[in-house]
Amino acid sequence: MSTNWIAILDFGSQYSQLIARRIREQHVYSELIRFDTPAEELARRCPAGIIFSGGPASVLDAGAPLCDPKIYALGIPILGICYGQQMTAQLLGGAVKPGRAREYGSARIRVTEPDRLFKGLPSDLEVWMSHGDQVARLPEGFRSLAETDTCPVAAMGHPGRRIYGLQFHPEVVHSPQGTEILRRFLFDLCGCTPDWQMARFIVESVDRIRAKVGTGQVLCALSGGVDSAVVAALIHRAIGRQLHCVFVDNGLLRHGESAQVESTFGQAFGMDLKVVDAAALFLGRLKGVEDPEKKRRIIGHSFIEVFAEEARARGDIKYLAQGTLYPDVIESASPIGGPSATIKSHHNVGGLPPDLKFELIEPLRELFKDEVRALGRELGLPEALVSRQPFPGPGMAVRILGEVTAERVRVVQQADLRVQEEILKLSNYADIWQAFAVLLPIQTVGVMGDSRTYENVVALRAVESLDGMTADWFKVPYETLGRISSRIINEVAGVNRVVFDISSKPPATIEWE
């Protein structure tokens, strides 16, 4: 069992995923686990170090999430961040109190004892704070390592026990020296080796898949997106023709998508691929439906129905492959119960009929989106597919506001094709998280030639984001916007006006429905 990894106990911080990402960027494997993981379980898994994340709770609240106190006796280096520092102080006999003034945003700390975390760094550091409580009394044997004007313990440590705490967030970009502080924890205190590479992940994943599947058969639903494509390529490398892929063409896909999937996976990779043309079924069930949630439910249920029929036709298949990513796993294990509200329904292969009892294979559940793209490149998938922007499960149905018809699908597909062709020409295309067209449920007056028109309006949406959780509108050059607008209006029949969406997430979502 490898001990060259970092366990991050998640107390619900909005930055928890960032901690894992920053550590993996140093080529050290990290994993977010439940805050209440028993000390015995951690001892069994032997991490090189343990990090306690921040969180929205106060250690002064009744029922505040706490780690197993026995963790501190394991002899494994520990770093508590924000709430993690406060909890450490409280559990080890110190005291926490509300600060005289809350600290949110950029702050400057004075390093009073360089110790190992701050060794070689300037004594005056810019950091990112986000706290109301602070350590009022240090536990026995601990020393304050840094301070601010309002926070006397901006960092603390017990060198002998290798237990440290930071009141600020080193994982965010607003703490410029944060990565260096994390590196000192990883390499100086924990003795980690930077050996976590995608090639190694492939070898280990292939071995695990082969051991689990044996001579069994695996079914995978290909969507045309990055996640399912990488899952299929990875599993195919492990078991070859024991993998059976099903691609359901629901008539709501991007232009030419069905042909591209068949060419890439059926022909180039030689996979066992079944393409199911179900466009008429989906469009028929969406007739007259305008409510976006109802659209999602219809599409989700119809997909499951079609996929289940194909699964039954395949006979004795024991395993189902899914493209579950790490953020999905993390959210479901949150100490505060996951998201506080359902923003919109998600479309996947969950909820299959009870007669289809599959064991799940989710080889990407340890990876973030950018890591999945890197894995796809390592597996030899074409760059056009690997770098493809996220696409909603319900497809163009949620980019058509109002009723979905074959004609309206045609309009938005053709408009979106022009968007993609022009956006791809940008030198900074890789900085765009998503760019697409939306067909609005209104018509406006226009003039073409000597004739009056009354036709559709298309909205352009382009955003930049790291993970899709938050997003800002992308500053598309005016010249590109002009070409997109001109091409859509002149080349896509039925459109006479194009507008540009400049809202961010939040308060808006990335998709319009």
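Everything that follows concerns the structure shown earlier in this document.
The following refers to the structure shown. None of the values given here were measured: they were computed from a predicted structure.

### Digging into the packing of aromatic side chains
In step 1: What the rule picks out here adds up to eight aromatic pairs.
In step 2: Ring plane angle 90° and centroid distance 6.1 Å describe the contact between F11 and F52, whose orientation is recorded as edge-to-face. With F11 in the loop between β1 (5-10) and α1 (16-24) and F52 in strand β3 (residues 49-52), this pair connects stretches of sequence that are 41 residues apart. Of the two residues, F11 and F52, neither departs from the other in class, the shared state being buried.
In step 3: With centroids separated by 5.7 Å and ring planes inclined at 70°, the aromatic side chains of F52 and Y72 adopt a geometry described as edge-to-face. With F52 in strand β3 and Y72 in the loop between β3 and β4 (78-81), this pair connects stretches of sequence that are 20 residues apart.
In step 4: Sitting over the ring of F391, R254 keeps its end group 4.1 Å from the ring centre.

### Focus on the sheet that holds strand β14 (residues 359-361)
In step 1: Pairing in this open sheet of five strands is parallel, and the strands run β12-β11-β10-β13-β14 from one edge to the other. Only two strands of the sheet have a single partner each, and these edge strands are β12 (272-277) and β14. Across the sheet, the mean angle separating the axes of adjacent strands is 25° when strand polarity is ignored.
In step 2: Pairing between strand β10 (residues 218-222) and strand β13 (residues 319-321): three bridges, direction parallel. In the strand pairing of β13, V218 is matched with Y319.
In step 3: Here helix α6 (residues 226-239) sits on the sheet in contact with β10, β11 (243-249), β13 and β14, set at roughly 155° to β10.

### Notes on the pattern of salt bridges
In step 1: As enumerated under the stated definition, the model contains 35 salt bridges in all.
In step 2: For the salt bridge of K425 with E422, the shortest nitrogen-to-oxygen distance reads 3.1 Å.
In step 3: Residue K425 is classed as exposed on the basis of its relative accessible area of 56%.
In step 4: Relative accessible area serves as the criterion here: at 2%, E422 is assigned to the buried category.
In step 5: With its nearest N and O atoms 3.2 Å apart, the salt bridge here joins R487 to E491. Placement of both R487 and E491 in helix α14 (residues 478-491) is noted, with a separation of four residues, approximately one turn of the helix.
In step 6: Through salt bridges that share partners, R418, E421, E422, K425, R483, R487 and E491 make up one connected network.

### What about the packing of α6 against helix α11 (residues 369-378)?
In step 1: In the contact formed by α6 and α11, the axes pass within 10 Å of each other and the chain directions differ by 45°. It follows that α6 is oblique to α11 by the angle criterion. Pair α6 / α11 crosses with left-handed handedness. Contacts between α6 and α11 involve V226, D227, V230, L234 and R237 from the first element and K369, V372, R373, L375, G376 and E378 from the second.
In step 2: Each residue belonging to the contact of α6 with α11 can be placed in one class, and the counts come to five nonpolar, one polar and five charged.

### Brief notes about the nonpolar core
In step 1: If you look at the biggest cluster of nonpolar residues, it comprises 67 residues, and the most contacted ones within it are F52 and L375.
In step 2: Looking at this core, the element that brings in the most residues is α6, giving 10 residues.
In step 3: In this structure, L375 is in contact with M198, F201, I202, V230, L234, L364 and L367, ignoring residues within four places of it in sequence.
In step 4: Counting residues in hydrophobic clusters, the runner-up holds 52 residues, among them L252, F282, A397 and V404.

### A short note on the packing of helix α8 (residues 279-286) against helix α9 (residues 292-314)
For any two helices packed against each other, the geometry comes down to the angle between their axes and how far apart the axes lie.
In step 1: Orientation of α8 relative to α9, taken along the N-to-C sense of each, is 150°, at an axis distance of 10 Å. The pairing of α8 with α9 is recorded here as roughly antiparallel in orientation. In this structure, α8 crosses over α9, and the sense of that crossing is right-handed. Together, L281, F282, R285 and L286 of α8 and K295, I298, I299, S302, F303, E305 and V306 of α9 make up the contact between the two elements.
In step 2: A breakdown of the residues in the contact of α8 with α9 according to their chemical character gives seven nonpolar, one polar and three charged.

### Quick notes on the pairing of strand β16 (residues 451-464)
In step 1: Sheet topology note: the strand β15 (residues 434-448)/β16 ladder contains 12 bridges and is antiparallel. In the strand pairing of β16, M448 is matched with S451.
In step 2: Hairpin geometry of β15 and β16 is characterised by an intervening segment of two residues between the two adjacent antiparallel strands and by a positive phi of about 70° at G449.
In step 3: Here six bridges tie β16 to strand β18 (residues 495-501), and the two strands are oriented parallel to one another. Across the sheet, the residue bridging to L460 is F500, located in β18.

### What about helix α7 (residues 257-268)?
In step 1: With 12 residues, α7 should cover 16 Å at 1.5 Å per step; its first-to-last C-alpha distance of 15 Å lies within 8% of that length.
In step 2: Of all the residues in α7, the buried ones are E257, S258, V261, T264 and F265. The arc that holds the buried residues of α7, viewed along the axis, is 145°, so those residues lie on one side. Away from its buried face by more than 90 degrees, α7 exposes A259, Q267 and A268.
In step 3: Looking at the packing, one finds that the buried side of α7 touches β10, α6, β11, β12 and α12 (383-386).
In step 4: Where α7 terminates, the next one or two residues include G270, which has phi positive at roughly 65°.

### Focus: helix α5 (residues 198-213)
In step 1: With 16 residues, α5 ought to run about 22 Å at 1.5 Å a step, and its terminal C-alpha atoms sit 22 Å apart, in line with that.
In step 2: Considered for burial, the residues of α5 that qualify are M198, F201, I202, S205, V206, I209 and V213. Buried residues of α5, viewed axially, fall in a sector of 130°; they line one side. In α5, the exposed positions angled more than 90 degrees off the buried face are occupied by V203 and A211.
In step 3: Looking at the buried positions of α5, the neighbouring elements they touch are β10, α6, β13, β14 and α11.
In step 4: One or two steps after α5, the chain reaches G214, where phi turns positive at roughly 60°.

Conventions adopted
One numbering rule holds for all chains: residues counted from 1, following each sequence as written. Restriction of local features to residues with pLDDT of at least 70 applies here, the model being predicted, together with a cutoff of 80 or more for giving and counting side-chain atom pairs; totals for whole chains, interfaces and linings are based on all residues. Heavy atoms from the whole structure form the basis of all side-chain values; hydrogens and water molecules are not counted. Aromatic contacts are taken between Phe, Tyr and Trp rings whose centres are within 6.5 Å, Trp giving its six-membered ring; a plane angle under 30 degrees counts as stacked, one over 60 as edge-to-face, and the others as tilted. Numbering of helices and strands runs from the N terminus; a helix is a DSSP stretch of H or I covering at least four residues, while a strand is a stretch of E covering at least two. Relative accessibility thresholds used throughout: buried, under 20% of the residue-type maximum; exposed, over 50%; partly exposed, between the two (1.4 Å probe, protein chains only). Criterion for a charge above a ring: Arg CZ or Lys NZ at most 6 Å from the ring centre, at most 35 degrees from the ring normal. Here, strands pair whenever DSSP counts at least two bridges between them. With axes taken as lines fitted to C-alpha atoms, and helix axes fitted only over the stretch in contact, angles between N-to-C directions fall between 0 and 180 degrees. Contact definition: two residues touch when any of their heavy atoms are within 4.5 Å. For salt bridges, the criterion is a side-chain nitrogen of Lys or Arg within 4 Å of an Asp or Glu carboxyl oxygen. Working definition: roughly parallel below 35 degrees, roughly antiparallel above 145 degrees, roughly perpendicular at 65 to 115 degrees, and oblique for all remaining angles. Crossing handedness follows the turn of the near helix against the far one: under a right angle anticlockwise gives a left-handed crossing, and clockwise gives a right-handed one. Residues are grouped as follows: Ala, Val, Leu, Ile, Met, Phe, Trp, Tyr, Cys and Pro are nonpolar; Asp, Glu, Lys and Arg are charged; all remaining types, including Gly, are polar. Only buried residues count toward a nonpolar core. Its members are Ala, Val, Leu, Ile, Met, Phe, Trp, Tyr and Cys residues joined through side-chain atoms within 4.5 Å. Any helix carries an expected span of 1.5 Å times its number of residues minus one. The directions considered for the arc run from the helix axis to the C-beta atoms.

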